[in-house]
Amino acid sequence: MQLPAPLEAKFKELAGRYPIKRSALIPMMLYAQDQFGFLGDEILEEIAKRLDLNMIQVEETLAYYSMLRRKPAGRYHIQVCTNISCMLRGGNELYQHVQKRLGIGHKEVAPSGTFSLEEVECIGACTGAPAMQVNYDFYEDLDADKVDAIFEQLQAGKKPKPSSVTAGALHERLPAEVPVISKRFGIPNSNKIDVYRKHDGYRALEKALKEMTPDQIIDEVKKSNLRGRGGAGFPAGMKWSFVPKDTSKPKYILANADESEPGTCKDRPLMEMDPHQLIEGMVIAGRAVAAHQGYIYIRGEYRYIIDIMDAAIAEAYANGYLGKNILGSGFDFELVTHTGAGAYECGEESALMESLEGKRGYPRIRPPFPAVVGLYGCPTVINNAETLSTVPAVILMGGEAYANLGTPKNGGTRLYSISGHVNRPGIYELPLGFPLRRLIEEVAGGVRGGKKLKAVIPGGSSCPLLSADEIDVAMDYDSVAKIGSMLGSGGTVVMDEDTCMVDVARRIMHFYAHESCGWCIPCREGTAWLRKMLDRFHGGGGRAEDIPLIDELAKNMLGRTFCPLGDAAALPTISIVKKWRNEFEDHLAGKCAYNAAEMIAGAH
Amino acid sequence: MAEQKQIAFTIDGQQVTTSAGTLVIEAAKRQGIEVPSFCYYPGLSLQAACRMCLVEVEKMPKLQTACTLVATEGMVVKTGTEQVHKARKDMIEFLLSNHPLDCPVCDKGGECELQDMTFRYGLDKTRFVEEKLHSPEEKWSPLVYYDAPRCILCFRCVRVCDEGMDVKALGVGSRGVLSVILPNEPGELACEECGMCIDICPVGALTSGTYRYQTRPWEMTYVGNPCTHCSNGCKTTLSVRNNEILRANNRDHSGINGEFLCAKGRFGFDFTTHAERIRQPLVRRNGRLEPASWEDALEEVARRLKQIHEAHGPAAIGVIGSNHTTNEENYLLNRFARVTLGTNNLDHHRTADYAGLATALGPRAKDSLATMADVYNAPAVLLIGNDVTQQNPLVAWQIRAGVRHHGLRLYAINGRPSKIHRQAKVAVEVAKGGERVALRWLATEQGQFDAKTTEALVQLKAALEAEKDVVVLFGAEIQGSAIRDLISLSARFGGKTKFMALGDYANSRGASDLGVLPDRLPGYAPLADASERARFGKLWGGEVPSTPGMTARAMMEATVAGKLKALYVVGANPLKTFGMAQPDRLAGLELLVVHDMFLTETAQRADVVLPAASTYEKDGTLTNTAGEVQLTHRGVDAQGPRSDFDLLRILSHQLGMLGLGSPIRLRTPEAAFDEIRQNVAGYDLSHANLLGGGSEVAAASCKAAEPSYEAPAGAVFSSQDYLFTSGTLGRYCSRLTSTNEAKETPWGSSPNIQSWWYR
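Here is what the cut-offs are and how they apply
Within any chain, residue numbers begin from 1 and follow the written order of that chain's sequence. Written order determines the labels here, with chains lettered from A and ligands numbered from 1. Selection of residues for local features in this predicted model requires a pLDDT of at least 70, selection of side-chain atom pairs for listing and counting requires 80 or more, and totals for whole chains, interfaces and linings are taken over all residues. The convention used is that axes are lines fitted to C-alpha atoms, helices contributing only their stretch in contact, and that angles between N-to-C directions extend from 0 to 180 degrees. Think of it this way: any DSSP run of H or I at least four residues long counts as a helix, any run of E at least two long counts as a strand, and we number them from the N terminus. Here the word oblique covers every angle except those under 35 degrees (roughly parallel), over 145 (roughly antiparallel) and from 65 to 115 (roughly perpendicular). For any pair of crossing helices, the crossing counts as left-handed if the nearer helix is rotated counterclockwise from the farther one by less than a right angle, and right-handed if it is rotated clockwise. Placing C-beta atoms from the backbone, we regard two residues as in contact once those atoms come within 7 Å. Here the nonpolar group is Ala, Val, Leu, Ile, Met, Phe, Trp, Tyr, Cys and Pro; Asp, Glu, Lys and Arg are the charged ones; every other residue, Gly included, is treated as polar. Put simply, a residue is buried when 20 or more other C-beta atoms lie within 10 Å of its own C-beta and exposed when 12 or fewer do; between those, it is partly exposed, and each C-beta is set from the backbone. Throughout, the arc means the angular range of directions from the helix axis out to the C-beta atoms.

Notes on the packing of helix α2 (residues 82-96) of chain B against helix α3 (residues 113-121) of chain B
All names here are of chain B.
Working step 1: Where α2 contacts α3, the two axes come as close as 10 Å, and the packing angle between them is 135°. If you check the angle between α2 and α3, you find them oblique. α2 and α3 meet at a crossing whose hand is left-handed. For the pair α2 and α3, contact is made by Arg88, Lys89, Ile92, Leu95 and Leu96 and by Leu114, Met117, Thr118 and Tyr121, respectively.
Working step 2: Split into classes, the residues belonging to the contact of α2 with α3 amount to six nonpolar, one polar and two charged.

So, helix α9 (residues 203-211) of chain A
Residues and elements named next belong to chain A.
Working step 1: Among the residues making up α9, those that are buried are Ala204, Leu205, Ala208 and Leu209. Buried residues of α9, seen end-on, are gathered within an arc of 125° and therefore sit on one face of the element. In α9, the exposed residues that point more than 90 degrees away from the buried face are Lys210 and Glu211.
Working step 2: Along its buried surface, α9 packs onto α10 (214-223), α13 (275-289) and α16 (385-397).

A word on the interface of chain A and chain B
Working step 1: Counting from both sides, the interface comprises 32 residues of chain A and, opposite them, 33 residues of chain B.
Working step 2: Secondary-structure elements contributing two or more residues to the side of chain A that touches chain B are α4 (55-64), α20 (501-515), α21 (521-541) and α22 (546-557) of chain A.
Working step 3: If you tally residues by element for the side of chain A that touches chain B, the top one is α21 of chain A, at ten residues.
Working step 4: Looking at side-chain class alone, the side of chain A that touches chain B contains 16 nonpolar, eight polar and eight charged residues.

Quick word on unusual backbone geometry
Working step 1: For the bond running from Ala129 of chain A to Pro130 of chain A, omega is -5°, close enough to zero to count as cis.
Working step 2: Counting through the fold element by element, Pro130 of chain A comes out in the loop between β3 (115-120) and β4 (132-134).
Working step 3: Geometrically, the link from Arg366 of chain A to Pro367 of chain A is a cis peptide bond, its omega value of -5° lying close to zero.
Working step 4: Within the secondary structure, Pro367 of chain A is located in the loop between α15 (349-356) and β9 (380-384).
Working step 5: Notably, Lys409 of chain A is not glycine yet its phi reads approximately 65°, a positive angle.
Working step 6: Secondary-structure assignment places Lys409 of chain A in the loop between α17 (399-404) and β10 (413-420).
Working step 7: Under the C-beta neighbour-count criterion, Lys409 of chain A is labelled partly exposed, with 14 such atoms within 10 Å.
Working step 8: Unusually for a residue other than glycine, Tyr213 of chain B sits at a positive phi of about 55°.
Working step 9: Tracing the backbone through its elements, the reader meets Tyr213 of chain B in the loop between β10 (206-208) and β11 (221-226).

Structure follows, in structure tokens:
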């Protein structure tokens with residue numbers, strides 16, 4: 001099959017990018033889809049041929065990823081997010097508005113072929129909610145008028161200007177903030193290597209390569225009490241120290257930038273405004289564990305971020321920070337990006353590796369753990385993009401100094417993306433242990449419109465929700481755990497008194513049912529069953545016995561699923577039924593006190 | 001293998017000692033403790049997907065999956081706690097939430113793992129009131145149907161197709177609760193049609209096109225028999241209702257094939273009820289074959305055999321035996337030919353040089369023949385010729401399983417590509433028919449090859465010489481002196497070598513072992529040996545003539561020239577086999593008698609056709625290509641046809657009355673088998689084990705290794721059957737031949753088949 005030249009070049013580059021050909025499968029499909037609008041038989045057979053795959057291997061991989069499609073979409077594929085942060089700020093209403101305007105529904109294509117519509121899960125624009133994507137372009141802080149203006153331009157054949165950077169990432173520094181990894185945010189051209197270098201860039205790498213042994217690097221990271229920023233909070237230094245030293249196998253450094261936890265949008269600005277920081281962190285990690293290859297797995301929706309990262313990587317190669325004999329140290333490190341294609345589950349580290357190997361994103365059985373048997377069966381360090389972005393600062397300021405920014409066992413600072421019903425949704429860097437109350441009231445400017453606070457998701461929708469009387473807690477891993485929730489990914493979602501908690505439970509379950517990979521029974525069936533029940537319940541069809549049943553089914557998933565996704569679906573549900581049971585009981589009367597009837601009917 | 005470290009742990013209060021690395025689910029099973037599971041399947045990769053096997057482990061906060069949990073020293077496992085029972089109940093409830101519960105019309109009803117688990121562990125009510133997912137059933141091939149709503153997504157089918165079969169025809173589509181199993185072509189399977197996916201499916205999601213909606217499992221009786229098709233001797237369980245075989249499958253995995261069964265064993269049973277089956281004797285009258293009574297037909301055969309015997313002498317009569325008939329029938333045929341008729345013109349289509357191997361090994365055969373289990377267990381296998389994937393599917397399965405489970409090293413030399421080469425450490429593809437030359441090079445370094453082949457051979461030789469215990473498999477490409485070359489080559493391996501000749505049909509080896517050969521008596525006793533002739537002569541109540549007879553091919557040639565006046569064919573189709581279907585053939589014959597199930601090319605030319613029973617319709621024993629003997633049972637009554645055993649026995653009485661030979665007194669196959677056990681070298685087997693459904697290895701061999709035994713040219717050749725053909729019989733297996741894959745041979749020039757076969 002004759003491919004257009006740019007796609008041919010892309011395919012050639014992808015085919016040579018990985019140690020096994022199959023790894024190129026998902027990127028090839030996505031880039032081919034960008035070219036042709038969908039994936040037809042002919043291009044899939046071509047890809048199969050190039051990668052020595054059977055069609056069934058191609059088809060089953062394609063079928064897993066929600067961005068990949070076998071049928072054409074419109075020239076402009078409109079993706080409206082209605083996940084929790086967007087929902088709280090009018091995402092559902094916006095979605096209805098777009099439906100009406102285009103005259104089409106979910107996954108439908110307008111007859112003209114100009115537009116197609118999809119209600120999508122969290123796109124990482126939580127602090128700019130409600131938001132949508134037109135193809136890969138982000139449009140944030142939307143309302144009906146702004147959407148109309150966008151459509152008018154599109155219909156006129158013009159490209160409306162997408163949001164320049166992640167909405168909420170740039171703001172006046174607040175006194176409470178401690179900018180460490182976000183300190184270059186707002187500096188013009190901070191994604192360029194020259195600017196990066198002017199502001200401490202690559203000094204940590206120089207120090208690590210010239211003044212430190214690999215063990216000293218690991219020690220410094222251990223001392224920093226840097227814990228995983230993806231959600232689980234595992235100490236990074238300890239993770240690195242599990243990588244075997246005596247092995248003939250290659251080792252890998254993986255950056256997990258599959259940011260998809262609803263309410264979380266902090267890796268996006270980190271990579272968009274400071275890509276070199278991540279690169280530097282990865283090279284240092286590579287040096288620490290003697291790995292010579294890194295991959296940055298970036299969710300497929302973040303295409304423009306991938307382009308920014310790729311440009312930064314090219315700059316780093318050109319300036320000797322990547323490649324052979326980095327800074328004359330004799331250390332080699334290669335780095336490439338890798339695009340996902342729409343799967344929350346691929347944020348789970350072992351599922352991410354499967355995905356990077358070109359397969360369905362099913363998690364793997366552990367043990368063995370990735371540090372020993374990871375990507376391509378080789379020892380692998382996999383950290384969240386934010387965790388790795390923190391490494392240069394740790395090396396530069398010293399582990400202890402970094403640790404002292406936070407609380408004991410919870411070193412340093414982290415990015416919080418605070419969204420929902422607050423006056424100043426945004427991304428703020430705060431020390432670990434920062435009080436949640438101050439985060440909401442002081443940093444985010446308090447609850448919008450003078451309303452009362454009802455509930456908070458502390459760190460992404462997988463966390464048990466906190467009620468208004470639980471917010472006097474220090475935001476560190478251990479303190480939040482102590483009150484029965486999790487610090488999670490730093491995606492704090494605030495809900496005011498007018499929020500229907502049954503609707504919140506319903507929307508959260510929709511997400512997990514959509515993202516369940518289908519591997520294990522309790523998650524696959526449990527999330528789907530709960531979604532149906534919560535839809536019925538919120539829609540007025542609830543029965544008294546459903547309330548304990550919802551609670552029990554969630555508990556029946558808890559702790560029994562193959563990977564943490566089952567727990568992630570169960571925990572918020574259990575907490576909502578427990579803390580806002582009265583709202584479930586109120587729904588038994590047949591109507592929702594908070595949502596307009598047409599919004600309930602319109603909910604999918 | 002190195003001594004395995006032992007560990008001790010506790011399960012449900014019982015102290016258990018087991019080898020390190022044992023999974024808790026397996027250790028529990030050995031203690032008689034059932035830990036339920038759907039996705040766990042021994043021998044396939046672990047899934048931990050169904051979560052049915054959750055158990056409590058002291059000091060672990062969460063329940064653990066027993067299917068992935070390795071027992072460690074001091075571990076305390078509890079499988080019977082309330083928490084565990086609740087978890088099982090909950091998993092069943094989740095599973096049933098989208099299951100259609102159409103058990104009353106589901107094929108699997110009554111033998112369904114989900115039903116059994118629900119009965120044992122499930123709730124007695126449903127709390128699910130939402131609408132279930134539904135999708136229509138899909139026909140993937142004439143043999144395989146998929147019913148997605150019933151599927152519990154245990155992925156056993158996907159794994160067995162990928163890992164077990166190396167076919168990779170199945171995948172998973174969509175995700176989450178919408179996940180389904182996908183066939184490799186849109187809505188259609190392109191595969192080996194082995195049906196392993198059907199067998200392994202714990203529910204009624206994958207069903208058999210030959211069986212679906214026909215009956216309920218409790219209405220049938222079950223008979224486990226060796227498959228009647230290829231030479232591997234897999235056990236297939238015939239499911240019988242009202243004297244009709246409705247299904248064949250691998251019901252209890254009790255055979256030498258473990259869980260394996262291929263398309264032939266599973267779908268190739270409907271020949272028994274084929275419309276063209278001969279159910280009545282046929283006698284040629286006025287040039288046409290016409291139905292006759294058994295009395296008339298047998299009388300006609302006896303009378304005319306007697307006439308020819310008188311007029312032209314015994315040397316004018318030839319007997320061609322079968323690759324499908326039982327050992328007892330072959331034994332009787334031997335007696336019938338040599339003593340009743342007095343001729344050594346006795347042979348069959350030899351599909352591997354079993355006689356060559358037996359004579360080359362001599363008494364060493366006893367511990368030098370490889371069993372099917374040996375192939376699996378071997379650290380290394382050398383495979384020469386034969387496309388085992390197509391021709392010996394169980395052998396191929398054993399090799400694949402060995403590679404997967406314990407790193408078996410496969411070395412292959414072949415004159416054509418084979419799928420099994422994917423498993424090989426070194427596969428040398430030589431010119432067509434070049435296996436013999438390559439072998440000679442390995443043994444003597446003599447011979448010329450192109451650079452690439454030479455390089456591969458050098459590599460192969462070095463690898464082989466580093467091996468110790470090796471199982472050597474060879475097809476019909478290797479015979480006579482080549483087998484001796486092979487044996488001398490194997491002396492260079494550092495350990496014990498075992499051999500297996502790869503033939504084609506269900507009792508190819510039995511026919512050789514029982515002496516359906518012109519120059520060998522049963523057990524490869526040399527005809528030239530007067531004492532052996534005397535021994536069998538005494539046993540059979542007559543004299544065994546000393547002149548060696550003609551080979552089957554020579555007999556067929558002799559029929560043209562008129563040197564042979566009568567030809568007696570039992571369960572064979574020599575006109576087809578020896579490529580002599582032109583009308584002028586057999587011209588010199590005065591009498592052609594054929595025992596068969598169908599009017600084959602040969603039977604159509606016969607003077608008398610006697611309808612014969614298949615191996616599924618009679619009792620006896622069969623010997624697979626490895627020498628493993630198994631009982632076959634009468635699963636259904638052949639309505640009309642008689643067993644070859646009965647036909648030969650009755651005919652001997654008829655002839656006896658006419659004064660030709662003495663009647664055969666052995667009334668039953670059991671009696672004949674007893675006589676075989678006592679008198680045929682290598683067949684002194686335990687009957688008890690056979691009765692229990694097991695197999696016994698028969699190491700038939702002559703008393704001393706012979707330095708120069710050579711089958712005449714053209715006597716030994718493979719019929720090149722593949723997965724969907726089975727000699728003449730295959731044509732009457734309508735289901736087997738109904739698939740797309742069956743329409744072309746894998747070795748043809750068609751690129752079509754290349755695409756499905758070698759993908």
